[in-house]
Amino acid sequence: TDFEKKILCIGAGYVGGPTMAMIALKCPQYKVHVVDINPDRIDAWNSQELPIYEPGLEEVVFEARGRNLFFSTDIQEGIEEADIIFVSVNTPTKTFGEGAGMAADLQYWEKTARQILECSKSPKIIVEKSTVPVRTAQAMERILGTDGSGKFQVLSNPEFLAEGTAIEDLKCPDRVLIGSRLTEEGLKARDELVSIYANWVPKENIVTSDTWSSELSKLVANAFLAQRISSINAISALCEKTGADVSRVAYAVGKDGRIGDKFLKSSVGFGGSCFKKDILNLVYLCRSYGLQEVADYWEQVVKINEYQKERFVLNMLHTMFDTLAGKRICLLGFAFKADTGDTRETPGIYIAQRLAEEHCRVVVSDPQALDNAKIDLKDLGDAVSYVEDPYEAAADCDALAVLTEWNLYKELDYTKIYNSMTKPAFVFDGRNILDHQALHDIGFNVFPIGKPALTHYRMNGRTR
Ligand code: NAI
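Residues numbered from 1 in each chain as written. Predicted model: local features only at pLDDT ≥ 70, side-chain atom pairs only at ≥ 80, totals over all residues.

**Here we look at the overall build of the protein chain**
When helices and strands are tallied, the protein chain shows 17 helices and 14 strands. In terms of principal-axis extent, the alpha carbons of the protein chain reach across some 75 × 50 × 45 Å. Put simply, the protein chain has 464 residues, and 47% of those count as buried. Pairs at least 24 residues apart make up 73% of the contacts formed inside the protein chain by residues separated by at least 6 positions. (Helix = DSSP H or I, 4+ residues; strand = E, 2+ residues; numbered from the N terminus. Buried ≥ 20, exposed ≤ 12 C-beta atoms within 10 Å, placed from the backbone. Contact = placed C-beta atoms within 7 Å.)

**Overview of the site of the ligand**
In the neighbourhood of the ligand, 27 residues make up the surrounding shell, with Gly11, Gly13, Val15, Ser130 and Thr131 lying closest. Among the elements that line the shell around the ligand, the one with the most residues is helix α5 (residues 107-119), at 3 residues. In the shell around the ligand, the residues fall into 11 nonpolar, 11 polar and 5 charged. (Near = placed C-beta within 6 Å. Nonpolar A, V, L, I, M, F, W, Y, C, P; charged D, E, K, R; others polar.)

**A few points about the environment of Ala295**
Here Ala295 lies in helix α12 (residues 292-319). In sequence terms Ala295 and Leu280 are 15 residues apart; their C-alpha atoms lie 8.8 Å from each other. Not counting residues up to four positions away in its chain, the partners in contact with Ala295 are Val283, Cys286 and Arg287.

**Side note on the pairing of strand β1 (residues 5-10)**
The pairing of β1 with strand β2 (residues 30-35) spans 6 bridges and is classified as parallel. Directly across from Lys5, in β2, lies its bridge partner Tyr30. Between the parallel elements β1 and β2, the chain passes through helix α1 (residues 16-26) in a crossover that is right-handed. Across 4 bridges, the pairing between β1 and strand β4 (residues 84-87) is parallel. Residue Ile7 lies in a different strand from β4, and its bridge partner there is Ile84. (Pairing = 2+ DSSP bridges. Right-handed = clockwise from strand over helix to strand, strands pointing away.)

**Observations regarding the UniProt feature "active site" (unreviewed entry) in the protein chain**
In the UniProt entry, the feature "active site" (unreviewed entry) is given for Cys274. Here Cys274 is to be found in the loop between α10 (246-254) and α11 (275-288). Leaving out residues up to four positions away in the same chain, Cys274 has contacts with Thr131 and Asn222. (UniProt positions renumbered as here; feature names shortened; annotations may be inferred.)

**Observations regarding the sheet that holds strand β12 (residues 399-402)**
Adjacent strands of a sheet form backbone hydrogen bonds with each other and so pair up, either parallel or antiparallel. Pairing is parallel in the open sheet, where 6 strands are placed in the order β11-β10-β9-β12-β13-β14. Strands with a single pairing partner mark the edges of an open sheet, and in this sheet they are β11 (384-386) and β14 (445-448). Sheet twist, expressed as the average angle between the axes of neighbouring strands with direction ignored, equals 20 degrees. One ladder, built from 4 bridges, connects strand β9 (residues 328-332) with β12; its direction is parallel. Paired with Ile329 across the strands is Ala399, a residue of β12. (Axes fitted to C-alpha atoms, helices over the stretch in contact; angles between N-to-C directions.)

**Thoughts on the packing of α1 against helix α3 (residues 57-64)**
The geometry of α1 relative to α3 is characterised by a closest axis approach of 9 Å and an angle of 55 degrees between their N-to-C directions. Classified by the angle their axes make, α1 and α3 are oblique. α3 is crossed by α1, and the crossing has left-handed handedness. In this structure, α1 uses Pro18, Ala21, Met22, Ala24 and Leu25 to contact α3, whose residues at the interface are Leu57, Val60, Val61, Glu63 and Ala64. Considering only residue class, the contact of α1 with α3 consists of 9 nonpolar, no polar and 1 charged. (Parallel < 35°, antiparallel > 145°, perpendicular 65-115°, else oblique. Left-handed = near helix turned anticlockwise from the far one by under 90°.)

**Observations concerning the confidence of the model for the protein chain**
When pLDDT is averaged across the protein chain, the result is 96; 98% of the residues are at 70 or more. At the level of chain-chain contacts, confidence expressed as ipTM amounts to 0.98, with global pTM at 0.95. (pLDDT = per-residue confidence, 0-100.)

**So, the domain arrangement of the protein chain**
Often, the extent of an interface is quoted as the loss of accessible area upon association of its parts. One can read the domain layout of the protein chain as domain 1 (5-201) and domain 2 (257-464). Domain 1 puts 16 residues into the contact, and the matching count from domain 2 is 16 residues. Of the residues in the side of domain 1 that touches domain 2, the class split is 10 nonpolar, 4 polar and 2 charged. (Domains from an automatic or database assignment.)

**Concerning the packing of helix α9 (residues 211-242) against α11**
The contact between α9 and α11 brings their axes to 9 Å, and the two run at 115 degrees. The element α9 and its partner α11 pack so that their crossing is left-handed. Where α9 abuts α11, its residues Leu219, Asn222, Ala223, Leu225 and Ala226 lie against Phe275, Asp278, Ile279, Asn281 and Leu282.

**Re unusual backbone geometry**
Backbone geometry follows two general trends: most residues other than glycine have a negative phi, and most peptide bonds adopt the trans configuration. Cis geometry marks the peptide bond from Lys423 to Pro424; its omega dihedral reads -5 degrees. Topologically, Pro424 is positioned in the loop between α16 (414-420) and β13 (426-429). Here the phi dihedral of Phe263 falls at roughly 60 degrees; this positive angle occurs in a residue that is not glycine. As for its placement among the helices and strands, Phe263 is situated in the loop between α10 and α11. On the basis of neighbour counts, which here come to 16 C-beta atoms within 10 Å, the residue Phe263 falls in the partly exposed class. In the Ramachandran plot, Phe321 falls in the positive-phi region, its phi being about 65 degrees despite a non-glycine side chain. Mapped onto the fold, Phe321 is located in the loop between α12 and β9.

**Regarding the environment of Ala338**
Following the sequence through the fold, Ala338 ends up in the loop between β9 and α13 (347-357). Distance from Ala338 to Leu144, taken between C-alpha atoms, is 40 Å for residues 194 residues apart in sequence. Excluding residues within four positions of it along the chain, Ala338 makes contact with Gly164, Thr404, Glu405, Trp406 and Asn407.

**Points about the nonpolar core**
Among the nonpolar cores identified, the biggest contains 72 residues, and Leu331, Ala401 and Val427 are the most heavily contacted of them. Not counting chain neighbours up to four residues away, the residues in contact with Leu331 comprise Gly348, Ile351, Ala352, Val362, Val363, Val364, Ser365, Ala401 and Leu403. In this structure, Val32, Val35, Val132 and Phe152 belong to the second largest nonpolar core, which totals 54 residues. (Core = buried A, V, L, I, M, F, W, Y, C linked by C-beta atoms within 7 Å.)

**A short note on the pairing of β4**
Because side chains alternate across β4, one face comprises the buried residues Ile84 and Phe86, and the other comprises Ile85 and Val87, equally buried. Note: β4 against strand β5 (residues 124-128), 4 bridges, orientation parallel. Considered in β5, the bridge of Phe86 is made with Val127. Following the backbone out of β4, through α5 and into the adjacent parallel β5, one traces a crossover that is right-handed.

Encoded structure:
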């Protein structure tokens, strides 16, 4: 059949898969082809069991797949026939050499650029979907041997979806951002991409800009989001010392329209593959431009997050009589947030490692993330066990630590759980999602984040 446009996406991950599935769903007149070097991932995209869990994703994929949405490993053929190529490969933090632990590792990115150059016989629009350092489009152009005129146009189109709500975010995005060169050719390419999104996104939500502003906006958006979490988490530490309640503080502060009430929930810390990586990338960029103060300012967002995770562990240790050796702690949730199975950079990894260091036995429970948890924690051996059923997981434990805000944890029978646990029984609610008073009434000693503890014994001094 004749498709109006042929779209290719290189990289079938958390971003490439859902974004292309949405384009295919909304634009049956286009052929959408998603390729990856990882054959297992492609097989999974072609199966009944998709490689990632996202609410609503299956419905979208199952409707479009085979109609105008295709997954394969045939990258060369994909490039040859495409008019528009989205690049959505991973851009992790560099683990070696200059900038190790900070800078973005662009090796997958560069390989893709070279492959596009090698296989292209006709003009193409290349769209940066991955999150990249500002001015990466220029590197892409240099590899492609273009100066912004001729065969290739490079656009920036960062993705703002959040895992767990990816399908909703893609259906009704707050904005779609498209950056281009402001030349005639650049604007023409930009309009091509605008016309794809215009199939379902209202025009006023499609924001256009120059390439560098677009690339930088993605890093800045993630830095601001993470900064809000670190800001409220920093205050949670002060609340615990003073007897204030962080939820009440957040509510009162968030009522100010200039501040707003979203993304002000205190927790054990943020995770996910993006926040830390993108902030460090921003910090590295600032340092490399000699902007020391700016770099230090943003780096503090990551430091507070590390501090929050460590605080959570130390609070468990000190509360449970300064020894965790031989105790059992049940982690309720391991995914970095609810409604995803993704565990990249999840606080659970750090917490499980620290608890194992204290010779504690860790029982990990999660409705979606246990397969990933087993990979993340394999070095901890049999210090960790994995039990999906939360009742079974909690049995014989000394403490529960809520790490992920899964709804199901709000609805458990905590009397039943309490009766199966070692006494005194503790709850450390790293997400503040449980009914703390009810738990206390059952008999638990309850330690929320940034709120007074509810215990059945007198605590030394005023607070924790
Ligand atoms: P991912 O790791 O899930 O997916 C990347 C895929 O690219 C992998 O399946 C990998 O096999 C494939 N790949 C790598 N090199 C390739 C090559 N040369 N040819 C073909 N395929 C190749 O990563 P994810 O989470 O989808 O992220 C992709 C990009 O999107 C990153 O830059 C990330 O920062 C950004 N992003 C991620 C968001 C998220 O929520 N995960 C949200 C917004 C942006």
